[in-house]
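Architecture and fold: a report
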Amino acid sequence: MANKGAPKNKKKQQLEQFEKDAKHNVMTTNQGVKVNDTNNSLKAGERGATLLEDFLLREKITHFDHERIPERIVHARGSGAHGYFELYKSIKKYSKAGIFTDTKRKTPVFVRFSTVAGSKGSADLARDVRGFAVKFYTEEGTWDLVGNNMPIFFIQDAMKFPDLIHSVKPEPNNEIPQAASAHDTFYDFVSRSTETLHNHIWVMSDRAIPRSLRMMEGFGIHTFRLINKEGESFFVKFHWKPKLGVHSVTWDEAVKINGADPDFHRRDLWEAIEAGHYPEWELGIQVVPQNDEHKFEFDLLDPTKLIPEELVPVEVIGKMTLNRNPENFFAETEQVAFLPGHIIPGIDFTNDPLLQGRLFSYRDTQLSRLGGPNFHQIPINRPITETHNNQRDGHMQMDIPKGQTAYFPNSLGDGCPHLAKMSEGAFHSFEERIDAKKVRTRSESFNDHYSQPALFYRSLADWEKQHIAEAYTFELGKCTQQGIKERMLYQIAQIDDDLAKKVAEGLGLKVPKNIEAPINQAIGADADVNKHQPIKKKNYLESDSALSQSRTNFNSIATRQIGVLVADGFSMSDYKEMKTVLEKEGAILKFIAPRGGTVKCDENMEHEVDASIVTTESVLFDAVYIPGGKKSIDVLKNESKYLKFINEAFKHCKAIAAMAEGENLIDETFVVNYKDDKAILINEKPKKFVEAIAKHRNWDRMPVASKVPA
Ligand code: HDE
């Protein structure tokens, strides 16, 4: 089946080119010595021992022995892509950064998406936060915006990060569970650290199981500063808004996708880019003038708080497009080093205590991950600007610095490199006035731990709320300690009573009225307990519509995967009519037949099969289409895997369309009420199917769909 711009063609071209190039290349050692046997080691006689002298063997094996570098302690599992950023309009009133003032620029970027808790080889659909790290190679130096797909973080102070991560990682005695938060140590920590509850409820929401990396938002999380030419500072939060909208799968799908295709997100990103469906995000900013710092009910420096868009609207200022896959996963996606400390003139930090700690941690981690202080010389980490300074030597120095001087000031080297003037674009930190005592404490303005999780929950549609209740029930159901579950129930009740009751019912427990204090203290510490207790929930905003996925874009079916269920004898005219309309809208149709190879239509023509029913699963598709054709339907009706395919699509509230005899196949399944279901279309025009797919899911179906035993 010929899909427009299908990945296969490009791949073929690349392979041909590779073969062409390879014809001119002769195998050599790393010293350039030509090699004529890479299969046999050097031996003392045909059946004799291998000789130590064999430098070819030793070079090959030694290199292989050292192929792995330590995986990232967090965000180990990731997928990357190249692209560019374009500015729609200058924001020079806020920032002097070239990328924010020059609308003619196309700034190259490299993006790495990731899960947090799992190892490098873990499955993509773990319930987890997703990393969303962007490296902008700007003309004034590299800027890294190292964010997540949720607008807030779990903790308020960098000091707690190792505790948070140790609690969520596999438990140290048995290294279980992999890439999962549903276990005792995590909830022991969360239930005792109320600042985590906001990010935690986002993790219980559908945001933690995205349909695609291309369909999730990104956030810089911390409040940063923008600095204009006059040296004025504005507080700013950064947002990435996906053009395809924010969409997720259900938990039942996530669990199944992890088995059917653990690389689901990585493959989806790769294939979309190969097919020329370049993912796009708009960059938005929320700007708060310096003088408004204290006008909110929460502290701008507290990374567990978002600024509701109802209070400060997001101004869209530019767009990022990802249009090139890496050539080599290790060299680029694995070796890329993001540092929140990589900033450029026009942007600056705030005193957010989490951000401040990150400014230390990321450089430090690269030293052990990438082996030394020269990691900036690895091609993916090199800035596009020239670099000149007096730093020298170290592990894996790739450059050959010239000259006699490596110090400043000098006269022997003509004073080079000279210091840059402000007028030449030198970086100058914002001169924030500070007059304070040195203290090891936290500001009391950070103590509101319940208002924003409650705001998030209130802002969601009913189906999103139900998913959250199910997620809490699942996660806590996996804990073994009743004390932990009860402490969590108490905390959930501080967010929403009704939610806590639902979860308690699922756990077979009661919501406790009280729990033993203190919660946020190190047990046995002498610090002032009350100072760190969460304060009572406030209600400064009833809801914030930007928080609900029910308000996202539903205007496109581009890149949606449509499973077309066929066997020999399927109706070609039904298929063609649907294909023409769906492909025009950018969807991708895939033939799923009882076997691989080809399948014959009712006009006796052969068509390539994309997947045999035994190699694929319903959860890998966004919608199902069943063309008519009696012979075809008679075969499909008798194959339980097809019935399961349709049942699951129904259970997951997906659009299903059938033509003519296709209805008989639907009759064999658990699909019910389909005459009233807007996303079950029998003998309808393709346009209706397009509309139903664009809605992503028909959540109204949830009450009946949840009863389907698939
Ligand atoms: Fe990270 N984080 N983090 N983090 N983080 C790392 O750096 C750390 C935090 C985020 O694709 C590590 O190079 C500390 C917040 C992303 O390569 C490490 C603290 C946010 C990535 C590290 C935080 C993030 C990382 C591991 C608390 C969202 C992946 C490997 C102070 C704004 C980047 C590495 C990539 C990676 C430390 C908190 C996002 C260990 C100490 C908040 C997207 O340095």
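Preceding block: the structure.
Per chain, residue numbering runs from 1 following the sequence as it is written. Where local features are concerned, this predicted model is filtered to residues with pLDDT of at least 70; where side-chain atom pairs are given and counted, the filter is 80 or more; whole-chain, interface and lining totals use all residues. Note: side-chain values were computed over all heavy atoms of the structure, leaving out hydrogens and water.

1. As for the overall build of the chain
Heads up, the rule is: Helix and strand assignments come from DSSP, with helices taken as H or I runs of at least 4 residues and strands as E runs of at least 2, each series counted from the N terminus. As a reference, a globule follows 2.2 Å times the number of residues to the power 0.38, and the radius of gyration itself is taken over C-alpha atoms. Whether a residue is buried, partly exposed or exposed follows from its accessible area with a 1.4 Å probe, protein chains only, as a fraction of its type maximum: under 20%, in between, or over 50%, in that order.
A tally of helices and strands in the chain yields 19 helices and 18 strands. Over its C-alpha atoms the chain spans a radius of gyration of 28 Å, differing by no more than 12% from the 27 Å that the globule rule assigns to 710 residues. With the C-alpha coordinates aligned to their principal axes, the bounding extent of the chain is approximately 90 × 80 × 60 Å. Relative to its full complement of 710 residues, the chain shows a buried share of 52%.

2. Points about the packing of helix H14 (residues 572-584) against helix H18 (residues 686-694)
The criterion, for reference: Axis lines are fitted through C-alpha atoms, for helices just across the contact stretch, and the angle between N-to-C directions can take any value from 0 to 180 degrees. These descriptions rest on fixed angle ranges, namely under 35 degrees for roughly parallel, over 145 for roughly antiparallel, 65 to 115 for roughly perpendicular, and the rest for oblique. Crossing handedness follows the turn of the near helix against the far one: under a right angle anticlockwise gives a left-handed crossing, and clockwise gives a right-handed one. Throughout, a residue-residue contact means that at least one pair of heavy atoms, one from each residue, lies within 4.5 Å.
Relative orientation of the contacting elements H14 and H18 amounts to 45 degrees, with a least axis distance of 9 Å. By the angle between their directions, the pair H14 and H18 is classed as oblique. Handedness of the H14/H18 crossing: right-handed. Residues Glu577, Met578, Val581 and Leu582 of H14 lie in contact with H18, whose contacting residues are Pro686, Phe689, Val690 and Ile693.

3. What about the site of the ligand?
The condition is simple: One heavy atom suffices: a residue is near a molecule or strand as soon as one of its heavy atoms comes within 4 Å of it. Pairs of N or O atoms are called polar contacts if they sit within 3.5 Å, as long as, within protein, a hydrogen donor faces a hydrogen acceptor (for residues adjacent in sequence, only side-chain-to-side-chain pairs). Classes in brief: Ala, Val, Leu, Ile, Met, Phe, Trp, Tyr, Cys and Pro nonpolar; Asp, Glu, Lys and Arg charged; the others, Gly included, polar.
Taken together, the neighbourhood of the ligand is formed by 23 residues, with Arg72, Arg112, Arg358, Tyr362 and Gln366 sitting nearest. In this structure, serine 361 approaches the ligand through a side-chain N or O atom, which is 3.2 Å from an oxygen atom. For the ligand, an oxygen atom lies 2.9 Å from a polar atom in the side chain of glutamine 366. Residue assignment for the shell around the ligand shows that the elements contributing at least two residues are strand S3 (130-138), strand S4 (141-148) and helix H9 (353-369). If you tally residues by element for the shell around the ligand, the top one is H9, at 6 residues. When the residues that make up the shell around the ligand are grouped by side-chain class, the tally is 11 nonpolar, 9 polar and 3 charged.

4. Description of the side chain of aspartate 128
How we decide: Neither His nor the chain termini are counted; the positive set is Lys and Arg, and the negative set is Asp and Glu. In the sections that follow, a salt bridge refers to a side-chain nitrogen of Lys or Arg positioned within 4 Å of a carboxyl oxygen of Asp or Glu.
Here aspartate 128 lies in the loop between strand S2 (106-115) and S3. This buried residue, aspartate 128, is left without a salt bridge; arginine 130 holds the nearest opposite charge, at 5.6 Å. Aspartate 128 has contacts with Thr115, Val116, Ala117, Gly118, Met150 and Ala208, leaving out every residue within four places of it along the chain.

5. Quick notes on the nonpolar core
Stated precisely, the cut-off is as follows: In this text, buried Ala, Val, Leu, Ile, Met, Phe, Trp, Tyr and Cys residues form a nonpolar core when linked through side-chain atoms within 4.5 Å.
Ranked by size, the top nonpolar core spans 52 residues in total, and within it Ile201, Ile468, Tyr472 and Leu499 carry the most contacts. Taken together, the elements giving at least two residues each to this core come down to helix H3 (161-168), helix H4 (184-192), helix H5 (197-204), helix H10 (451-458), helix H11 (462-477), helix H12 (482-495) and helix H13 (497-507). Per-element tally for this core: the top contributor is H12, with 6 residues. Once you skip the residues sitting within four places of it in the chain, leucine 499 turns out to touch Ile201, Tyr457, Ile468, Ala469, Tyr472 and Ile492. If you look at the next biggest cluster of nonpolar residues, it comprises 37 residues, including Ala97, Leu269, Trp281 and Ile285.

6. Some words on the environment of glycine 80
Counting through the fold element by element, glycine 80 comes out in strand S1 (residues 78-87). Taking relative accessible area as the criterion, glycine 80 reaches 7% and is therefore assigned buried. Between the alpha carbons of glycine 80 and lysine 644 there is a distance of 34 Å; along the sequence they are 564 residues apart. The contacts of glycine 80, once residues within four sequence positions are left out, are Phe110, Val111, Arg112, Leu269, Pro326 and Thr333.

7. A word on the layout of surface pockets
Note the following rule: Using a 1 Å grid laid over the protein atoms alone, points where a 1.4 Å probe fits but cannot get out form a cavity; open sets with protein on both sides within 12 Å along at least 5 of 7 lines form a pocket; any residue with an atom within 4 Å of a point counts as lining. Grid points are joined across faces, edges and corners, and a volume is the space filled by probe spheres set on the points.
Space inside the largest pocket adds up to approximately 1800 Å³. Around the largest pocket, the lining comprises 44 residues; the ones closest to its centre are Pro383, Glu386, Thr387, His388 and Asn389. Mapped onto the lining of the largest pocket, the elements with two or more residues apiece are S4 and H9. Split into classes, the residues belonging to the lining of the largest pocket amount to 16 nonpolar, 17 polar and 11 charged.

8. Things to note about the sheet that holds strand S18 (residues 680-682)
Worth spelling out the cut-off: Here, a strand pair is defined by DSSP locating no fewer than two bridges between the strands.
An order of S15-S12-S11-S16-S17-S18 is seen for the 6 strands of this open sheet, with the pairing classed as parallel. Every interior strand has two partners, whereas the edge strands, strand S15 (611-612) and S18, have only one. Here strand S11 (residues 561-565) runs beside strand S12 (residues 588-593); their pairing, made up of 5 bridges, is parallel. Within S12, the position partnered with leucine 565 by the bridge is isoleucine 592.

9. A short note on the pairing of strand S17 (residues 655-658)
Heads up, the condition is: A clockwise course of the path from the first strand over the helix to the second, judged with the strands pointing away from the viewer, identifies a crossover as right-handed.
Every second residue of S17 is oriented toward a common face, with Ala655 and Ala657 on one face and Ile656 and Ala658 on the other, all of them buried. Where strand S16 (residues 623-626) and S17 come together, 4 bridges link them in parallel fashion. Of the residues in S17, the one forming a bridge with isoleucine 626 is alanine 658. In terms of strand pairing, S17 meets S18 through 3 bridges, oriented parallel. Counterpart to isoleucine 656 in the pairing with S18 is isoleucine 680. Crossover connection from S17 via helix H17 (residues 662-667) to parallel S18: handedness right-handed.

10. So, the pattern of salt bridges
Per the stated rule, a full pass over the model turns up 43 salt bridges. Between arginine 77 and aspartate 124 there is a salt bridge, with the nearest N and O atoms lying 2.8 Å from each other. With arginine 77 in the loop between helix H2 (55-65) and S1 and aspartate 124 in the loop between S2 and S3, this residue pair connects regions lying 47 residues apart in the sequence. Three or more residues are tied together by salt bridges with common partners; here these are Asp252, Lys256, Glu617, Lys641, Lys644 and Glu648.

11. Focus: the packing of aromatic side chains
The geometry of an aromatic ring pair is captured by two quantities: the separation of the ring centres and the angle between the planes. Put simply, the rule reads: In this scheme Phe, Tyr and Trp rings, the latter by its six-membered ring, pair at centre separations within 6.5 Å, and the angle between planes marks the pair as stacked below 30 degrees, edge-to-face above 60, and tilted otherwise. For a lysine, the NZ atom is tested; for an arginine, the CZ atom; a charge sits over a ring if that atom is within 6 Å of the ring centre and within 35 degrees of the ring normal.
Under the defined criterion, the tally for this structure stands at 27 aromatic pairs. Judged by centre distance (5.1 Å) and plane angle (70 degrees), the ring pair of tyrosine 94 and phenylalanine 234 falls under edge-to-face. Of the two residues, tyrosine 94 sits in the loop between S1 and S2 while phenylalanine 234 sits in strand S7 (residues 233-242), which places them 140 residues apart along the sequence. Classification of tyrosine 94 by relative accessible area gives buried; the value is 12%. Judged by relative accessible area, phenylalanine 234 falls into the buried class, the value being 15%. Considering the side-chain rings of phenylalanine 153 and phenylalanine 154, the 5.7 Å spacing of their centres and the 80 degrees angle between planes classify their relative orientation as edge-to-face. Taken together, Phe85, Phe100, Phe113, Phe132, Phe136, Trp143, Phe224, Phe238, Trp240 and Trp281 form an aromatic cluster joined through their ring pairs. For lysine 135, the ring lying beneath its charged end belongs to phenylalanine 338, and the centroid distance is 5.3 Å. Directly above the aromatic system of tyrosine 457 lies the positively charged group of lysine 465, at a separation of 5.3 Å from the ring centroid.

12. Some points on empty space enclosed by the protein
Enumeration according to the criterion identifies 10 cavities of 30 Å³ or more in this entry. For the largest cavity, the calculated volume is near 120 Å³. If you tally residues by element for the lining of the largest cavity, the top one is S7, at 4 residues. For the lining of the largest cavity, the residue count by class is 10 nonpolar, 2 polar and 6 charged.

13. A short note on the pairing of strand S9 (residues 315-324)
Two elements, S1 and S9, share 6 bridges in a ladder whose sense is antiparallel. Within S9, the position partnered with glycine 83 by the bridge is leucine 322.

Function cannot be inferred from these measures alone, as they are strictly geometric.
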